[in-house]
Amino acid sequence: MGGSNRMKMIINGNLVNKDKKIKVKNPVNKSIIDTVPHAEREDAKKAIHAANDAKKAMKDMSSRKISGILYDIHHDLSKIQDEFAVIITKETGKPIRDSKFEMKRSLDTLLFAAEESKRIYGETIPLDAGIGGSKILGFTIKIPMGVLSAITPFNYPVNLAMHKIAPAIAAKNTVVIKPSHKSPLAALKLVELMTPYLPDGVLNSLTGDGKVIGDEMVTNNLVNKISFTGSVATGMSIARKAGFKKLTLELGGNDPLVVLDDANIDNAVSAAVRGSYVYAGQVCIAVKRIITQIGVVDEFTDKLLSETKKLKLGDPLNPKTDVGPLIDEEAALKVENRVKDALNEGAELLCGGKRNGAFYEPTVLDKVSPNMELVLKETFGPIAPIIRVDSVDEAFEIANNTPYGLQASVFTESIEKAKKAVKSIDAGTVLINKQSTFRTDNMPFGGFKMSGMGKEGVKYTVEDMTCSKLVIIG
Ligand code: NAP
């Protein structure tokens, strides 16, 4: 990517710049990587109008053509995926290995959408089973929703954008997307790459203050559907304002990893390491609470400690780095304070616990109580807090002791305990012997309780981004 001031928004097929800029900073050292336009409410209105005007062009396009376009974009994007990975790492501080993996998954998401665009079916309705319905033919057709407002968070700037843009296009919708002001570069570049393939106005991007342009994207009456991924607080404010619009909310998580007495401890330890520290724990489905039964807690803790100490904290562009910085110093300070409070309330620090700018060391805490803020709230940092429990029932009760319910994992070798976990734990996904960070891009992903509403995963997103129109032929 070129020097500063290169990235622009796209509205109605045109590159758009603004005199006022947002500085995008490298979390490693706060240096300015680039600037992006600071859009105003008027720009959001223009983008929404452009998307509205483009609805007809999308509606008239054949599914075959749309599928071909998505395959072509896949082909082009795959050639420059490493370039994208570097941008992701620079703007988010994500270790380059993980940014490359995000790009692989983004391409997979795109491929699923190219495939799905050819199998959007309605159904036949047996009207003759109802009173007066004999000799009358009934079937549904799937039609596009119309204009989609897509709002994404800082942590997976390409794949979360892709989870909204690609299914929206597959289902013949038009899109206005707003990435986080903290990491907008890769998403803007993605829109720039896709735009030449699409009629003007089908895909528009905006950068600016979420409270201003996001508000327009949520309240404008031309918008038919809002797809939001981000924090519970923002999700709630969107839900209050959205009015009569279809809403998908993919919000925060506080995922437990339960280690029962009969678990394979080595597997549980590698799952905890992967789950707690990936992208410095700034993942909605990161392992945020490790609930361990007393019979294995010492063995588990010793092994977790030894694996944690092997992790390399440092420059995220170095392929050997396991843990990079948090998104900014403010985020690291928040984690530092939560850990300090937990220690003051009786938790034991086994390793880590130090902050340097936006960097926070991978940290293992033992004897964490389920009532500490560190585990009651979503703590977005590289923390492995161990909560000791006596019984299976207590473990599942604590797993549910949260307003969140995204994913939850349980390590056990017993099929009976696994079945009990599936029945007892209130989460959108229960994983047995696999950590909660596991996700493929075709699975129905989405949480219960305050973790959101609706499912993402290409087939499910496409379903969510279409309406059923009933046709009756007398
Ligand atoms: P955030 O602060 O809620 O921001 C998310 C997006 O909302 C940003 O683009 C933000 O814009 C925008 N926004 C802010 N205020 C808005 C408003 N009033 N109206 C409309 N949009 C508004 O979240 P974040 O800190 O970027 O991301 C972390 C959170 O996302 C965590 O809670 C994490 O668990 C969650 N998350 C969930 C999933 C999932 O799939 N369930 C996946 C990833 C992350 P600006 O910030 O640019 O102003």
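Residues numbered from 1 in each chain as written. Predicted model: local features only at pLDDT ≥ 70, side-chain atom pairs only at ≥ 80, totals over all residues.

> I keep staring at the environment of Asn 318 and nothing clicks. Help me out?
Following the sequence through the fold, Asn 318 ends up in the loop between helix 11 (297-309) and helix 12 (329-344). Separated by 221 residues in the primary sequence, Asn 318 and Arg 97 have C-alpha atoms spaced 8.7 Å apart. (Helix = DSSP H or I, 4+ residues; strand = E, 2+ residues; numbered from the N terminus.)

> Explanation requested: the sheet that holds strand 7 (residues 147-151) in the structure shown.
Sheet strands pair via backbone hydrogen bonds, and the direction of the pair is either parallel or antiparallel. Read across the sheet, six strands follow the order 9-8-7-10-11-23 without closing on themselves; strand pairing throughout is mixed. Either end of the sheet is taken by a strand with one partner, and the two such strands are strand 9 (203-205) and strand 23 (452-453). Here helix 1 (residues 41-53) sits on the sheet in contact with strand 7, strand 8 (174-178) and strand 9, set at roughly 160° to strand 8. Helix-sheet contacts for helix 7 (residues 185-194) involve strand 8 and strand 9, and the interaxial angle to strand 9 is about 150°. (Pairing = 2+ DSSP bridges. Contact = placed C-beta atoms within 7 Å. Axes fitted to C-alpha atoms, helices over the stretch in contact; angles between N-to-C directions.)

> I would appreciate a short explanation of the pairing of strand 20 (residues 407-411) in the present structure.
The side chains of a regular strand alternate, first on one face of the sheet and then on the other. The element strand 20 is largely enclosed, with a buried count of five among its five residues. In strand 20, alternate side chains face the same way, and those of Gln 407, Ser 409 and Phe 411 on one face and Ala 408 and Val 410 on the other are all buried. As paired strands, strand 12 (residues 255-259) and strand 20 are joined by three bridges and run parallel to one another. Directly across from Leu 257, in strand 20, lies its bridge partner Ser 409. Where strand 20 lies against strand 21 (residues 429-432), four bridges are found, and the strand directions are parallel. Looking at strand 21, one finds that Val 410 is bridged to Ile 432. Note on the crossover from strand 20 through helix 15 (residues 415-424) to strand 21: the handedness is right-handed. (Buried ≥ 20, exposed ≤ 12 C-beta atoms within 10 Å, placed from the backbone. Right-handed = clockwise from strand over helix to strand, strands pointing away.)

> Honestly, the domain arrangement of the chain in this entry has me stumped. Any pointers?
One can read the domain layout of the chain as domain 1 (9-251 + 451-473) and domain 2 (255-440). The partner domain 2 presents 20 residues to the 14 residues of domain 1 that form the contact. Listing elements by their share of the side of domain 1 that touches domain 2, those giving two or more residues are helix 4 (81-92) and helix 5 (96-116). At three residues, the largest contribution of residues to the side of domain 1 that touches domain 2 is made by helix 5. Each residue belonging to the side of domain 1 that touches domain 2 can be placed in one class, and the counts come to five nonpolar, five polar and four charged. (Domains from an automatic or database assignment. Nonpolar A, V, L, I, M, F, W, Y, C, P; charged D, E, K, R; others polar.)

> Got a minute to help me understand the site of the ligand in this structure?
Taken together, 30 residues lie around the ligand, and Pro 153, Gly 210, Gly 214, Gly 230 and Gly 252 are the ones closest in. Of all elements in the fold, only helix 8 (210-219) and helix 9 (232-241) reach the threshold of two or more residues within the shell around the ligand. The greatest single-element share of the shell around the ligand, amounting to five residues, is contributed by helix 8. A per-class count over the shell around the ligand returns 10 nonpolar, 14 polar and six charged. Each of domain 1 (9-251 + 451-473) and domain 2 (255-440) gives at least three residues to the shell around the ligand. (Near = placed C-beta within 6 Å.)

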